[in-house]
Amino acid sequence: SDGAGKEVFTSTLPDEALKAEVEKKMDDFPDVMPYFWQQESDYRSLKERCAVMAVSNERGAPEGVATIEIAIAALELAEYLTPIMQKELM
């Protein structure tokens, strides 16, 4: 909400199965922020891919994991698009 109480953003869980899983984990661990549980499966998969790659002695990035070069390209794209999007939204 903004300062006037108007809702400016809302989000929903992608499906009922994830919603149920998050609700269960929130009941089991009420002190943990909900977004941790929403992202936990993806984060676990990322850690597993990185761990497997680390012990494989192969070079490069794990499949499906962004490299620093990809991150730099994404930031360059964001820098390019920011003024364009700002102009469109004004």
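The structure presented is a predicted model; accordingly, all values stated were derived computationally and were not measured.

Participant: An account of the packing of aromatic side chains is requested, with residue identities and associated values reported.
Facilitator: Within this structure, the stated rule accounts for 2 aromatic pairs. Centre to centre, the rings of F29 and W37 are 5.5 Å apart; their planes meet at 35°, and the pair counts as tilted. For F29, a relative accessible area of 44% puts it in the partly exposed group. Residue class for W37 comes out buried when judged on its relative accessible area of 14%. Judged by centre distance (4.6 Å) and plane angle (40°), the ring pair of Y35 and F36 falls under tilted.

Participant: Residues and numbers for helix 1 (residues 16-28), please.
Facilitator: Over its 13 residues, helix 1 runs 18 Å from end to end, which matches the ideal 18 Å to within 8%, given 1.5 Å per residue. Listed in full, the buried residues belonging to helix 1 are L18, V22 and K25. One face of helix 1 carries all of its buried residues, which in axial projection span an arc of 65°. Turned more than 90 degrees away from the buried face of helix 1 sit E16, A17, K24 and D27, all of them exposed.

Participant: Break down unusual backbone geometry for me, with residues and values.
Facilitator: Here the phi dihedral of N57 falls at roughly 65°; this positive angle occurs in a residue that is not glycine. Mapped onto the elements of the fold, N57 is located in the loop between helix 2 (34-56) and helix 3 (68-89).

Participant: I'd like a description of the environment of P83, backed by residues and values.
Facilitator: The topology assignment puts P83 in helix 3. Residue P83 is classed as partly exposed on the basis of its relative accessible area of 45%. Spatially, the C-alpha atoms of P83 and P34 are 33 Å apart, while their sequence positions differ by 49 residues.

Participant: So what's going on with the pattern of salt bridges? Which residues, and what values?
Facilitator: Taken as a whole and assessed by the stated rule, the structure comprises 4 salt bridges. Between E21 and K25 there is a salt bridge, with the nearest N and O atoms lying 3.0 Å from each other. Placement of the pair is E21 and K25 together in helix 1, with a separation of 4 residues, close to one helical turn. According to the relative accessible area criterion, K25 is buried, its value standing at 18%. Among the salt bridges present, the one from R44 reaches E40, with a minimum N-O distance of 2.9 Å. Highlighted residues: R44 and E40, both in helix 2, separated by 4 residues, approximately one helical turn. The exposure class assigned to R44 is partly exposed, which follows from its relative accessible area of 37%. A relative accessible area of 22% places E40 in the partly exposed class. Ionic contacts of the salt-bridge type, sharing partners, join the residues E21, K25, E40 and R44 into one network.

Basis of the calculations
- Residues numbered from 1 in each chain as written.
- Predicted model: local features only at pLDDT ≥ 70, side-chain atom pairs only at ≥ 80, totals over all residues.
- Heavy atoms only, no water.
- Phe/Tyr/Trp six-rings, centres within 6.5 Å; stacked < 30°, edge-to-face > 60°.
- Buried < 20%, exposed > 50% of the residue type's maximum accessible area, 1.4 Å probe, protein only.
- Helix = DSSP H or I, 4+ residues; strand = E, 2+ residues; numbered from the N terminus.
- Expected span 1.5 Å × (residues − 1).
- Arc of directions from axis to C-beta.
- Salt bridge = Lys/Arg side-chain N within 4 Å of Asp/Glu carboxyl O.

Everything listed here is a matter of geometry and, on its own, says nothing about what the molecule does.
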